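# Summary of the model geometry
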Amino acid sequence: METIGRDLREMQRVPLYSSHVAAMRAEGTVAHYAAGSLIVNLGDPIDRFVYVEDGEIEVVNPFTGERHFPSTLGPTQFMGEISFLNGGVWALPMRAVTDTRVLEVPRAAMLRLMSEIPEMSDIIITVFSARRRRQLDERDGTLVLIGEDIDRNVQRVGEFASRNRLPYASHALGSALARQIATSCAISADHPAVIFGRDHVVSEPTPDKIAKLLGLSYELPDEEAVDVLIVGGGPAGVAAGVYAGAEGLSAMVVEDIAIGGQAGTSSRIENYMGFPTGISGADLVWRGEVQAMKFGTRFIMPRRVVSVERRPDGKFCSTFDNGQRILAGAIVVATGVQYKRLPIDRLAEFEGAGVYYAATENEARYCKDGEALVIGGGNSAGQAAMFLSRSANRVRLLVRGTSLASSMSSYLSSRLEADPKITIEYGSAVRLLHGGERIEAVTVHNSQCGADYTLPTCALFIMVGAEPNTAWLSGLVKLDQKGFVETGEAAGSDSPYATSQPGIFAVGDVRAGSVKRVASAVGEGSVVISKVWSYLND
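Every chain is numbered on its own, with residues counted from 1 as its sequence reads. Whole-chain, interface and lining totals are the exception, using all residues; otherwise, since this is a predicted model, local features are given only for residues with pLDDT of at least 70 and side-chain atom pairs are given and counted only at 80 or more. Hydrogens and water molecules were not included; the side-chain quantities draw on all heavy atoms of the structure.

### Here we look at the overall build of the chain
Worth spelling out the cut-off: Helix and strand definitions here come from DSSP, where helices need a minimum of 4 consecutive H or I residues and strands a minimum of 2 consecutive E residues; each element is numbered from the N-terminal end. Exposed residues in this analysis have more than 50% of their type's maximum accessible area, buried residues have under 20%, and partly exposed residues fall in between, with area computed by a 1.4 Å probe over protein chains only. We call two residues in contact whenever any of their non-hydrogen atoms come within 4.5 Å of each other. Working definition of accessibility: Shrake-Rupley area with a 1.4 Å probe, residue cover restricted to the visible protein chains. Here Asp and Glu are counted as negative and Lys and Arg as positive; His is not counted, and neither are the chain ends. Charge positions come from single atoms, namely NZ of Lys, CZ of Arg, CG of Asp or CD of Glu.
When helices and strands are tallied, the chain shows 13 helices and 27 strands. With respect to the principal axes defined by its C-alpha atoms, the chain has extents near 80 × 65 × 45 Å. The burial tally for the chain puts 57% of its 538 residues in the buried class. Of all intrachain contacts in the chain linking residues separated by at least 6 positions in sequence, the fraction that spans at least 24 positions is 69%. Surface summary for the chain: the accessible area is close to 22800 Å², and the carbon and sulfur share equals 50%. In the chain, which carries 52 positive and 63 negative side-chain charges, the distance between the mean positions of the two groups comes to 2 Å.

### Concerning the packing of helix α7 (residues 235-246) against helix α8 (residues 281-294)
Angle between the axes and distance between the axes: these two values describe a pair of packed helices. Rule in force here: Geometry is summarised by axes, namely lines fitted to C-alpha atoms with helices restricted to the contacting stretch, and by angles between N-to-C directions that run from 0 to 180 degrees. Angles below 35 degrees are treated as roughly parallel, those above 145 as roughly antiparallel, those between 65 and 115 as roughly perpendicular, and all remaining angles as oblique. Should the near helix be turned anticlockwise from the far one by less than a right angle, the crossing is termed left-handed; should it be turned clockwise, right-handed. Side-chain classes are defined by residue name, with Ala, Val, Leu, Ile, Met, Phe, Trp, Tyr, Cys and Pro counting as nonpolar, Asp, Glu, Lys and Arg as charged, and the others, Gly among them, as polar.
Where α7 contacts α8, the axes come no closer than 8 Å and their chain directions differ by 25 degrees. Comparing their axes, α8 and α7 come out roughly parallel. You can see that α7 and α8 cross each other, and the crossing is left-handed. In this structure, α7 uses Pro 235, Val 238, Gly 241 and Val 242 to contact α8, whose residues at the interface are Val 285, Gly 288, Glu 289, Gln 291 and Ala 292. For the contact of α7 with α8, the per-class residue count stands at five nonpolar, three polar and one charged.

### Considering the environment of Met 273
Looking at the secondary structure, you find Met 273 in the loop between β12 (251-254) and α8. Note on Met 273: relative accessible area 77%, which makes it exposed. For Met 273 and Ala 258, which are 15 residues apart along the polypeptide, the C-alpha to C-alpha distance reads 23 Å.

### Here's the deal with the nonpolar core
Applied cut-off: The nonpolar core is taken to be a set of buried Ala, Val, Leu, Ile, Met, Phe, Trp, Tyr and Cys residues, with the residues joined through side-chain atoms within 4.5 Å.
Core analysis: the biggest nonpolar cluster contains 88 residues, and Met 24, Phe 49 and Met 110 have the highest contact counts within it. No other element matches the six residues that helix α3 (residues 118-137) contributes to this core. Beyond its immediate stretch of four places on either side in the chain, Met 24 contacts Leu 16, Phe 49, Tyr 51, Leu 103, Val 105, Met 110, Leu 113 and Met 120. Membership of the second largest hydrophobic core comes to 27 residues, among which are Ala 359, Ala 381, Met 408 and Cys 458.

### Description of unusual backbone geometry
Going from Met 301 to Pro 302, the amide bond is cis rather than trans, its omega being -10 degrees. Here Pro 302 lies in the loop between β13 (298-300) and β14 (305-310). Even without glycine at this site, Arg 165 takes up a positive phi of about 55 degrees. Here Arg 165 is to be found in the loop between α4 (152-163) and β8 (169-171). Even without glycine at this site, Glu 223 takes up a positive phi of about 60 degrees. With respect to the element layout, Glu 223 can be found in the loop between α6 (207-213) and β11 (224-231).

### Observations concerning the pattern of salt bridges
What counts here: We count a salt bridge whenever a side-chain nitrogen from Lys or Arg sits within 4 Å of a carboxyl oxygen from Asp or Glu.
Applying the stated criterion to the full structure yields 32 salt bridges. Here Glu 104 and Arg 48 are joined by a salt bridge, their closest N and O atoms 3.1 Å apart. A residue pair is termed long-range when its members are at least 10 positions apart, and Glu 104 in strand β6 (residues 100-106) and Arg 48 in strand β3 (residues 48-54) qualify at 56 residues. For the pair formed by Glu 104 and Arg 48, the shared burial category is buried. Put simply, Arg 365 and Glu 148 hold a salt bridge, and the shortest N to O gap is 2.7 Å. Taken together, the residues span a long stretch of sequence, with Arg 365 in the loop between α10 (361-364) and β19 (371-375) and Glu 148 in the loop between β7 (143-146) and α4 at a distance of 217 residues. Relative accessible area serves as the criterion here: at 34%, Arg 365 is assigned to the partly exposed category. A single network of salt bridges, built from pairs that share partners, joins Asp 222, Glu 223, Glu 309, Arg 311 and Arg 325.

### A word on the sheet that holds β6
Counted only if it meets this: DSSP calls a pair of strands paired once it identifies at least 2 bridges connecting them.
Spatial ordering of the open sheet is given by β1-β6-β3, a layout of three strands whose pairing is antiparallel. Of all the strands in the sheet, just β1 (29-33) and β3 have a single pairing partner and so form its edges. Neighbour to neighbour, the strand axes of the sheet diverge by 35 degrees on average, direction disregarded. Where β1 meets β6, five bridges bridge the pair, whose relative direction is antiparallel. Residue Ala 31 lies in a different strand from β6, and its bridge partner there is Val 102. Lying over the sheet, helix α1 (residues 18-27) contacts β1, β3 and β6, oriented at roughly 75 degrees with respect to β6.

### Re the packing of aromatic side chains
Short version of the rule: Here the aromatic set is Phe, Tyr and Trp, taking the six-membered ring for Trp, and pairing holds for ring centres within 6.5 Å; pairs whose planes are under 30 degrees apart are stacked, those over 60 apart are edge-to-face, and all others are tilted. The criterion for a charge sitting over a ring is simple: Lys NZ or Arg CZ within 6 Å of the ring centre, and within 35 degrees of the ring normal.
Applying the stated criterion across every chain yields a total of eight aromatic pairs. A centroid spacing of 5.9 Å and a plane angle of 80 degrees characterise the contact between Phe 78 and Phe 128, whose relative ring orientation is edge-to-face. Here the residue Phe 78 occupies a position in the loop between β4 (57-59) and β5 (94-96), and Phe 128 occupies one in helix α3, the gap between them amounting to 50 residues. Side by side, Phe 78 and Phe 128 carry an identical accessibility label, which is buried. Between the aromatic rings of Phe 505 and Tyr 535, the centroid separation amounts to 6.3 Å while the plane-to-plane angle is 75 degrees, which identifies the pairing as edge-to-face. Of the two residues, Phe 505 sits in strand β27 (residues 504-506) while Tyr 535 sits in helix α13 (residues 518-537), which places them 30 residues apart along the sequence. Positioned above the aromatic ring of Tyr 366 is the side chain of Arg 438, whose terminal nitrogen or guanidinium carbon lies 5.3 Å from the ring centre.

Remember, this is a structural readout, not a statement about activity or role.
Following this line, the structure appears as structure tokens:
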């Protein structure tokens, strides 16, 4: 299956061309670092591109101060990873092994050079992506979670990091590694913790705090103006971000949970053109995010738009959940849909403690050698069942209807029926949840035989129904009876993506009448930018 980048260990090193180095030299300055001195420290803003001309640089383990990897960087190599594109922070300290000379180019100037010289951009982004893949594959990150399996707050941080493809390490409370790290940080080894390097233990950890720590949550000037604000970071929103940046528009994508949206919760997408071996939803959209950042589009998360008003000058003023306000000439609504919260007693109590709305590697860990239940009859539910069967002893797919023919792709339903570890139970609905601190069993009602029965389980995955995220638009644009945004003729417009409010467009699953598929969402997000351009330039 495809991933976010190439395997760094198998890559043939391709140095930057001499013309690339000459272009950087015209924009940068030469800096010298004595042996043993830090070039960047953990948490420093990534404000420059660092190219090694002479000497040797090593990555430093922030907990021990020792060399972190056997390999080092030498002449013609460069520092950094993919967070350079969005202006994050250095996630690992780097130190000169010998007296070292480097060429340092300010980040803004380097991004401009990368946009002007695509061959140079390709080399840099390929290396950056491969480095991020290595960190994810090896679960090697300066962000360390202790007790993720037992603490809700730590779990939420882990989910945020996992879904946004942010590398982190996770250790069970009481394990030897957890105790070693806790000792180096001078904290108790008996309590869950979120740590960013030896000197920063995050109190009352939240995704927002982690985003700020990693440089993902910008402190924007109040009422900063952009050409287009794209609300929602799923396939449609990210595609809009790619094309907006490519067309020279100043664009900002705001997402309240994770880049990828509902598609990001899919463990495997096999029917998206160009990926014959399949790709996870999160990895697919992450690639789009990198493309968009390359063109200058900014991503802000976790942030939620709570209200929008139109100013007398025609600009839209959007207010975020932290009180920040952004002015935009146009808005693209790409907030998608979310799985329904079923009316089951104790559901909220077990969310994050056995009840999940995503089936990724992060959640699959809790199903190892146990029995998992999946509610739903669509492709997402089917892919979740297939993915979870790798780690769970048994997976039951609970389907309210009597067939999968009208709701699931044929290739997928055939695989489910052929898998000996998966059972499809039609006419089934969960009535009750049982357990202490975590879910332990559910009571299921079967409409075909009229009986209730109890199933033991370590995890329940809910992937049914689709409710649009449009409460923040109420009164501003026309919605249908289910809350989806009406566009085109239904909204009194000639454009298929224009809403009843001139300057506001809707794409993807949130749009009434759209085809609820990743490919169609990407197509709509791509096409809508031409309409946005026309609106802004009329």
